[in-house]
Amino acid sequence: MLNFPAKHVFPDTTTINDKGHLVIGGCNVTDLASKYGTPLYIIDEDTVRNRCTSFRVAFKELYPDSQIIYGSKAFANLAITKIIVDEKLGLDVVSGGELALASAGGAPSKNIYFHGNNKSRQELTEAVSLGIGRIIIDSFYEIDLLEEIGYQTNKTQDVLIRVSPAVDPHTHSYISTGILDSKFGFAIGTGDAALAVKKVTSSPHLNLMGLHCHIGSQLFELDPYKKAIRVAIKFASDMRDKGLTLYEFSPGGGFGIAYTKDDSPPSITEFASAITSEVLSTCEDLKLEHPKLLIEPGRSIIGPAGVAAYTTGARKVISGIRTYLSVDGGMGDNIRPALYQASYEAVVANKMKTTSSDKVTIAGKYCESGDILINDVNLAPTEPGDIIAIPATGAYCIPMSSNYNMSPRPCVVLVKDGSSRVIRRRETYEDLMAFDVI
Ligand SMILES: Cc1ncc(COP(=O)(O)O)c(C=O)c1O
């Protein structure tokens, strides 16, 4: 078997060269590992841009009044922000830091959307002062706070209300956000959402533009989107005579991607078709004008563009039980397997034409038994110094990374047409101690 388990989980530009080396964006991954060191995160620019275009085109064709907004929490970085801005996507931010990054990356303020269940007074003041497009209100506390800030700054802020439709999206509980028992949003079923509409519409410095409803992340089913859309738009219809006009509506992001060879999520076009048809038909049924549609993909823009490269080191064979193959990164740069039991594929980047006859468990180097990147994966037989590549690592790896065990975070490079450039430098020991005060 050619050691290439699932080409569809690798970036669009992935090939194998004559030497049997993995090539991404025209760059030999083994050479990148030598040049920049490992762990190394490689982002393929073409894949990022292709996916921005696919989202834009898929939605525009079916629903012209739509806007794609990148969920920057998936990977917030200056160079990536510039690509996103260049691709004419908006930016969804969830903190003052992400807001500052979006702004520094050149995102027009009007295209920034601010989410979060507990935004601080300082963060909200920064957002209002910048004149960002929308603040998505998530709590009664936030309504009062934002009204107060509007009064103090003499500004009126456009807002959306985040509602919770009580729909189970069938994903990991840590990334399920639209069920009743969630910290996010105003529940429609309990009457909280109606109360929020009443409060916002009677707040002179808040201008209610519509509703938002993000139900979770890494979703593979279309039905939960449809149910949530119907519940939220029905609620908007019920609130018509309470001062809510649905100028804008967002079903959020959450579009699942393939991490393993067995994953086959709906295509971007299938997501677009299900969402737009449900919005159109629900509005038709309820005799509502079509709102502007705001779509917020994060993972599905950047996840498939990323590949993590590690160098192999120690090997521990427990006869009849398991072989641990240790690499020079792990839960510090990718917490997802430990946090969500996330699965990945792996290949030996310098042995792509060698048969995968070696079953190993890829272990990280951190002092935790739970620091396992992949359980029981078939690889080409390795020696110390080989390069392991793990695809689909563009999203929620570097942004969730830590300095656990005083480990410097990895370097990130952007590759395109055979060139590579650093978009996040590797941290140093000095960086690690920079914040300590004696
Ligand atoms: C409100 C909101 N929009 C968009 C996203 C992006 O989600 P994903 O990366 O799964 O597309 C998230 C992620 O949690 C979110 O909370």
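Procedures and definitions
- Residues numbered from 1 in each chain as written.
- Predicted model: local features only at pLDDT ≥ 70, side-chain atom pairs only at ≥ 80, totals over all residues.
- Domains from an automatic or database assignment.
- Contact = placed C-beta atoms within 7 Å.
- Nonpolar A, V, L, I, M, F, W, Y, C, P; charged D, E, K, R; others polar.
- Buried ≥ 20, exposed ≤ 12 C-beta atoms within 10 Å, placed from the backbone.
- Helix = DSSP H or I, 4+ residues; strand = E, 2+ residues; numbered from the N terminus.
- Pairing = 2+ DSSP bridges.
- Axes fitted to C-alpha atoms, helices over the stretch in contact; angles between N-to-C directions.
- Left-handed = near helix turned anticlockwise from the far one by under 90°.
- Near = placed C-beta within 6 Å.
- Core = buried A, V, L, I, M, F, W, Y, C linked by C-beta atoms within 7 Å.
- Expected span 1.5 Å × (residues − 1).

Draft legend 1. Spotlight on the domain arrangement of the chain. The assigned domain composition of the chain is domain 1 (7–44 + 305–433) and domain 2 (115–297). The gap between the C-alpha centroids of domain 1 and domain 2 is 36 Å. Tallying the contact residues gives nine residues for domain 1 and seven residues for domain 2. Among the residues forming the side of domain 1 that touches domain 2, the class breakdown is six nonpolar, two polar and one charged.

Draft legend 2. Layout of the pairing of strand 20 (residues 411–416). For strand 20, the buried fraction is high: five of the six residues fall into the buried class. Sheet topology note: the strand 4 (residues 40–44)/strand 20 ladder contains five bridges and is parallel. By the bridge assignment for strand 20, I42 is matched with V413. Of the strand pairs in this sheet, strand 20 and strand 21 (residues 419–424) are connected by five bridges, and their pairing is antiparallel. Looking at the pairing, V415 lines up with S420 of strand 21.

Draft legend 3. Molecular detail of the sheet that holds strand 2 (residues 22–24). The three strands lie next to each other as 1-2-3, forming an open sheet whose pairing is antiparallel. Looking at which strands have only one partner, the edges of the open sheet turn out to be strand 1 (15–16) and strand 3 (27–28). Bridge analysis of strand 2 against strand 3 gives two bridges, and the strand direction is antiparallel. Within strand 3, the position partnered with V23 by the bridge is N28.

Draft legend 4. Region of interest: the packing of helix 2 (residues 45–62) against helix 9 (residues 268–286). Contact geometry of helix 2 with helix 9 gives a least axis separation of 9 Å together with a crossing angle of 35°. Handedness of the crossing formed by helix 2 with helix 9: right-handed. Taking contact as the criterion, the partners of S54, F55, A58, F59 and L62 in helix 2 are, on helix 9, I268, T269, A272, S273 and T276.

Draft legend 5. Structural context of the site of the ligand. As a matter of local geometry, the ligand sits amid 16 residues, with G71, S217, G253, G298 and R299 nearest to it. Grouping the amino acids of the shell around the ligand by side-chain chemistry returns three nonpolar, nine polar and four charged.

Draft legend 6. Highlighting the nonpolar core. With 124 residues, the main nonpolar core has V29, I42, I161, A309 and A389 as its most contacted residues. Top contributing element to this core by residue count: helix 8 (residues 223–238), with eight residues. For this core, the two domains that each supply at least three residues are domain 1 (7–44 + 305–433) and domain 2 (115–297). The contact partners of I161, leaving out residues within four places of it in the chain, are I137, F186, A193, A196, V197, V200, L208, L211 and H212.

Draft legend 7. Just the environment of L160, in detail. As for its placement among the helices and strands, L160 is situated in strand 9 (residues 157–164). By C-beta crowding, L160 is classed as buried, having 26 other C-beta atoms within 10 Å. Note: C-alpha distance between L160 and K353 (193 residues apart in sequence) is 52 Å. Dropping the residues within four chain positions of it, L160 is found in contact with R134, I136, M209, G210, L211, H212, E248 and S250.

Draft legend 8. Region of the structure containing unusual backbone geometry. A cis amide bond, omega -5°, links T38 with the succeeding residue P39. Its place among the elements puts P39 in the loop between helix 1 (29–36) and strand 4. Even without a glycine there, the phi angle at M406 is positive, about 50°. For M406, a count of 9 C-beta atoms within 10 Å puts it in the exposed group. With a phi angle near 50°, D417 is a residue other than glycine that sits in the positive phi range. Along the chain, the position of D417 falls in the loop between strand 20 and strand 21.

Draft legend 9. Structural detail: the environment of E61. On the secondary structure map, E61 appears in helix 2. Here the alpha-carbon distance between E61 and S273, two residues 212 residues apart in the chain, equals 9.7 Å.

Draft legend 10. Quick peek at helix 2. Its 18 residues give helix 2 an end-to-end C-alpha distance of 26 Å, which sits within 8% of 26 Å, the value for a rise of 1.5 Å per residue. Looking at helix 2, one finds that the buried residues are E45, T47, V48, R51, C52, F55, A58 and F59.

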